[in-house]
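# Residue-level structure breakdown
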Amino acid sequence: MFKEGFKSGFVSIIGRPNVGKSTFLNRVIGQKIAIMSDKPQTTRNKIQGVYTTEDVQTIFIDTPGIHKPKHKLGDFMMKVATNALREVDAILFMVNVTEPKGKGDDFIIEKLKELDTPIILVMNKVDLIHPNDIPPIIESYKNELEFAAVVPISALQGNNVGPLLEEIAKILPEGPMYYPADQVTDHPERFIISEMIREKVLQKTRDEVPHSIAVAIDQIKTRENGNMVDVHATILIERDSQKGIIIGKRGALLKEIGSEARTDIEMLLGTKVYLNLWVKVQKDWRNKAGQLRELGFRD
Ligand code: GDP
Ligand code: MG
Ligand code: K
């Protein structure tokens, strides 16, 4: 689903163990969370939660490896983790304000220095410290890295979490709603359906569109009478020129794609399906999500 001026993007939270990353996510996402970490379509950088408002969708992803300097990661793994951080729109570097900057933080800082990705320094657990004691700690980090913003919060009590979300929103680019706003649990068929549609597009267009196209499932909804499922999906392409190819003369090709994909989806769901397909140019979309997915560790 696309809306003029809507923003969306991927955000990675990094920080030493116990700084409050999970507490923060639970607080932010609460009822709105869609945990999709065990789903096949999720990036190897597991999706931890999706937070959607009227204007913004923030997809929080986990970047394994980078949190654990003691863990013996191969060069390759470390490179992949670092590359993944390069592909996100923003990084939340979370620290515990009650502890001085330590070795674990220095390790993360060294990794972050290699990146151009905007970083927000999140000083968590401010409820445990006198406000006067916070600035020197902030300085110790600012001496080492440049931050898009520095936000003290208490993830536990909720203090200042709203302003932090606003800082994130400032950084995110305009983009699609990758996941439905009302999604509380993941639809297990979602990925298969998107792949079914993608497959038809590739078959019908031969080699005229690159494999980098993606299909976002905007909505899967069973009608009230229960006899029919409405599926709304968007084919994301990178260039305007690909749009005409996919749609075809008077929409003929898109119709074929839709009709054949619908048959497959009906088999999968065991019910009649109304499939509504859109084609949308989303420049750079691949960098945002597809590439992350492609990096997947198959563990
Ligand atoms: P993670 O390892 O970074 O995911 O950290 P957790 O979210 O599991 O939190 C570690 C511990 O810190 C838990 O006992 C939390 O309750 C506590 N904690 C997290 N955020 C805060 C906070 O803002 N204030 C206080 N006082 N404790 C917090
Ligand atoms: Mg945790
Ligand atoms: K994904």
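These numbers were taken from a predicted model, which means no experiment stands behind them.

The number of helices and strands found in the protein chain is 9 helices and 9 strands. Within the protein chain, the proportion of its 299 residues that are buried is 51%. In the protein chain, 72% of the contacts between residues at least 6 apart in sequence involve partners at least 24 apart.

Here Ile153 is to be found in the loop between strand S6 (149-152) and helix H5 (161-171). Counting along the chain gives 27 residues from Ile153 to Val126, while the straight-line C-alpha distance between them is 5.9 Å. Discounting chain neighbours no more than four positions away, the residues touching Ile153 are Phe24, Met94, Val122, Met123, Asn124, Lys125, Val126, Asn159, Asn160, Val161 and Leu164.

This next bit is on the packing of helix H1 (residues 21-29) against H5. Contact geometry of H1 with H5 gives a least axis separation of 11 Å together with a crossing angle of 90°. Considering the angle they form, H1 stands roughly perpendicular to H5. Facing Phe24, Arg27 and Val28 of H1, the residues of H5 in contact are Val161, Leu164 and Leu165. Here the residues of the contact of H1 with H5 sort into 5 nonpolar, no polar and 1 charged.

Ranked by internal contacts, the top residues of the largest apolar core, which has 28 residues, are Ile91, Phe93, Leu112 and Tyr141. Residue assignment for this core shows that the elements contributing at least two residues are strand S1 (7-14), strand S3 (56-61), strand S4 (90-96), helix H3 (103-113), strand S5 (119-124) and helix H4 (134-142). It is H4 that contributes the most residues to this core, 4 residues altogether. Aside from chain neighbours lying at most four places away, what touches Ile91 is Ser12, Ile14, Leu85, Leu112, Leu115, Thr117, Pro118, Ile119 and Ile120.

Attention now moves to the sheet that holds strand S9 (residues 272-281). Strand order in the open sheet made by the 3 strands is S7-S8-S9, with mixed pairing throughout. Edge strands, defined here as strands with exactly one partner in the open sheet, are strand S7 (214-222) and S9. Adjacent strand axes in the sheet meet at a mean angle of 15°, parallel and antiparallel pairs treated alike. Inspection of the sheet shows S7 paired to strand S8 (residues 228-237) by 8 bridges, in the antiparallel sense. Bridging across to S8, Gln219 finds its partner in His232. Across the face of the sheet, helix H7 (residues 240-247) comes into contact with S8 and S9 while running at roughly 150° to S9. Set on the sheet, helix H8 (residues 252-269) makes contact with S8 and S9; between it and S9 the angle comes to about 135°.

Looking at ligand 1, there are 15 residues lining it, with Asn18, Lys21, Ser22, Thr23 and Asp127 nearest. Contact between ligand 1 and Asn124: an oxygen atom at 3.1 Å from a side-chain N or O atom of the residue. Here a nitrogen atom of ligand 1 sits 2.7 Å away from a polar atom, N or O, in the side chain of Asp127. Against a free-state accessible area of 580 Å², the protein chains account for coverage of 73% of ligand 1. Per-element tally for the shell around ligand 1: the top contributor is H1, with 3 residues. Grouping the amino acids of the shell around ligand 1 by side-chain chemistry returns 5 nonpolar, 6 polar and 4 charged.

A separate point is the packing of aromatic side chains. Each aromatic ring pair is specified by the distance between its two centres and by the angle formed by the two planes. A complete count under the given rule lists 2 aromatic pairs for this structure. Aromatic side chains Phe24 and Phe60 sit 6.0 Å apart centroid to centroid with 85° between the ring planes, which places their arrangement in the edge-to-face category. Separated by 36 residues along the polypeptide, Phe24 in helix H1 and Phe60 in strand S3 bring together distant segments of the chain. A single burial state applies to Phe24 and to Phe60, both of which are buried. Taking 5.8 Å as the distance between ring centres and 80° as the angle between the ring planes, the aromatic pair formed by Phe93 and Tyr141 counts as edge-to-face.

Here S8 lies mainly inside the structure; 9 of its 10 residues are buried. Between S7 and S8, which follow one another and run antiparallel, lie 5 residues, and Gly226 among them has a positive phi close to 75°. As judged from the 10 bridges shared by S8 and S9, these two strands associate in the parallel manner. Residue pairing for S9: Val229 is matched across the bridge by Val273.

Phi angles above zero are rare outside glycine, and Asn18 is one such case at about 70°. Position of Asn18 relative to the elements: it lies in the loop between S1 and H1. Judged by relative accessible area, which is 67%, Asn18 ranks as exposed. In this structure, Arg250 takes a positive phi of about 50° despite not being glycine. Its relative accessible area of 90% is what places Arg250 among the exposed residues.

What counts as what
Residues numbered from 1 in each chain as written. Chains lettered and ligands numbered in written order. Predicted model: local features only at pLDDT ≥ 70, side-chain atom pairs only at ≥ 80, totals over all residues. Heavy atoms only, no water. Helix = DSSP H or I, 4+ residues; strand = E, 2+ residues; numbered from the N terminus. Buried < 20%, exposed > 50% of the residue type's maximum accessible area, 1.4 Å probe, protein only. Contact = heavy atoms within 4.5 Å. Axes fitted to C-alpha atoms, helices over the stretch in contact; angles between N-to-C directions. Parallel < 35°, antiparallel > 145°, perpendicular 65-115°, else oblique. Nonpolar A, V, L, I, M, F, W, Y, C, P; charged D, E, K, R; others polar. Core = buried A, V, L, I, M, F, W, Y, C linked by side-chain atoms within 4.5 Å. Pairing = 2+ DSSP bridges. Near = heavy atom within 4 Å. Polar contact = N/O pair within 3.5 Å; in protein donor to acceptor, adjacent residues only side chain to side chain. Areas by Shrake-Rupley, 256 points an atom, 1.4 Å probe, with all protein chains shown as cover. Phe/Tyr/Trp six-rings, centres within 6.5 Å; stacked < 30°, edge-to-face > 60°.

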